[in-house]
Amino acid sequence: MKFLEYTPLERLNEFLSRLNLGERTIKGCLEAYSCKHTGTDKKLSLSLENEILDYLGKSSDTDSSSPAEFLLSRSSRKTLVYLVLTLYHMYPDYDFSAMNAHQFFTEETWDGFKQIFDTYMFEASKEWTETNEGGSLLETLYKALDEAVKLAECEIYCYCPDSDGDPFLERGAIWSFNFFFYNRKLKRVVSFRFCCLSNMLADGFLMDDLLYEEDGEIFDVMDM
């Protein structure tokens, strides 16, 4: 996997690097990668493939909606390997299991992504419109993604792990989303993670207030 630089993505990253909205902060990051193996990718890819095949060998699932049924297709296994490799490049210190990751990947449509984006990024979109001339935040994002991976040819995946297995989760996170736009023909993927943080929790203000209140209660009891 090779990191790819795209100016339109960098412009969005600069805007979403830390958008302070008072009590909350919106953060977002877009990263583009070529799926051509480099360095240790070949060894890791083989390890992930073997993990999947081992799972298939032990699985007795016949349900068409089961992970085993989906991964019988070699192209599906390759897609999962590329997505997990992307996760490894985004978070090199985190150990991802192919099968554990597979449980948290769901395929999405552009309309499904748009609905989530419009709902959760409403304030960020409003801020973008006020500080940038021409085009909404979603339109700008669409054009940037289209330049990088040609959206009409993309498969869209959402990665939603539980809190214990989520390397994206930051202190004070109110919500977070992780999307992957994968173009099979171009062998290229763009990751887009965005989240909302509570400034009070992230800065430790709320914890300090709680401790202060507890200390006050202790002293009140002592006075009695």
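What you see is a predicted model, and the numbers here were worked out from it, not measured in a lab. (Residues numbered from 1 in each chain as written. Predicted model: local features only at pLDDT ≥ 70, side-chain atom pairs only at ≥ 80, totals over all residues. Heavy atoms only, no water.)

## Examining the confidence of the model for the protein
Across the protein, pLDDT averages 80, with 77% of residues at or above 70. Segment residues 205-222: pLDDT under 50, and six contacts once partners within four positions in sequence are set aside and those in other chains are kept. (pLDDT = per-residue confidence, 0-100. Contact = heavy atoms within 4.5 Å.)

## Looking at the environment of Lys143
Turning to its location among the elements, Lys143 is positioned in helix α8 (residues 137-149). For the pair Lys143 and Pro8, spaced 135 residues apart in sequence, the C-alpha to C-alpha distance is 8.2 Å. (Helix = DSSP H or I, 4+ residues; strand = E, 2+ residues; numbered from the N terminus.)

## Details of the packing of aromatic side chains
This structure, assessed with the given rule, holds 19 aromatic pairs. Here the aromatic rings of Trp175 and Phe194 are separated by 6.1 Å at their centres, their planes lie at 75°, and the arrangement is edge-to-face. Of this pair, Trp175 sits in strand β6 (residues 173-183) while Phe194 sits in strand β7 (residues 188-198); the two residues are 19 residues apart in sequence, bridging distant segments of the chain. Here Trp175 falls in the buried class, since its relative accessible area comes to 16%. (Phe/Tyr/Trp six-rings, centres within 6.5 Å; stacked < 30°, edge-to-face > 60°. Buried < 20%, exposed > 50% of the residue type's maximum accessible area, 1.4 Å probe, protein only.)

## Overview of the side chain of Thr140
Mapped onto the secondary structure, Thr140 falls in helix α8. When its relative accessible area of 14% is taken as the criterion, Thr140 is described as buried.

## Some thoughts on α8
Over its 13 residues, α8 runs 18 Å from end to end, which matches the ideal 18 Å to within 8%, given 1.5 Å per residue. Of all the residues in α8, the buried ones are Leu137, Leu138, Thr140, Leu141, Ala144, Leu145, Ala148 and Val149. Projected onto a plane normal to the axis of α8, the buried residues spread over an arc of 160° and lie on a single side. Lys150 sits one or two positions beyond α8 and adopts a positive phi of about 55°. (Expected span 1.5 Å × (residues − 1). Arc of directions from axis to C-beta.)

## Some thoughts on helix α4 (residues 74-90)
The first and last C-alpha atoms of α4 sit 24 Å apart over 17 residues, in line with the 24 Å expected at 1.5 Å per residue. With respect to burial, α4 is a largely interior element, 13 of its 17 residues being buried.

## Concerning the nonpolar core
Counting residues in hydrophobic clusters, the biggest one holds 35 residues, and the most contacted among them are Phe113, Leu141, Phe179, Phe181, Phe192 and Phe194. Where this core is concerned, the elements lending two or more residues are α1 (7-16), β3 (24-34), α6 (110-120), α7 (122-131), α8, β5 (154-159), β6 and β7. For this core, the element with the most residues is α8, which contributes seven residues. One finds Val84, Phe96, Tyr157 and Phe180 within the second-largest nonpolar core, a separate group that totals 22 residues. (Core = buried A, V, L, I, M, F, W, Y, C linked by side-chain atoms within 4.5 Å.)

## A word on the pattern of salt bridges
Side chains that differ in charge, positive against negative, can pair when their charged atoms come close. By the definition in use, this model includes four salt bridges. Taking the shortest distance from any N to any O, the salt bridge between Asp118 and Lys114 comes out at 2.9 Å. In this pair, Asp118 and Lys114 are both assigned in helix α6, four residues apart and thus about one turn of the helix distant. (Salt bridge = Lys/Arg side-chain N within 4 Å of Asp/Glu carboxyl O.)

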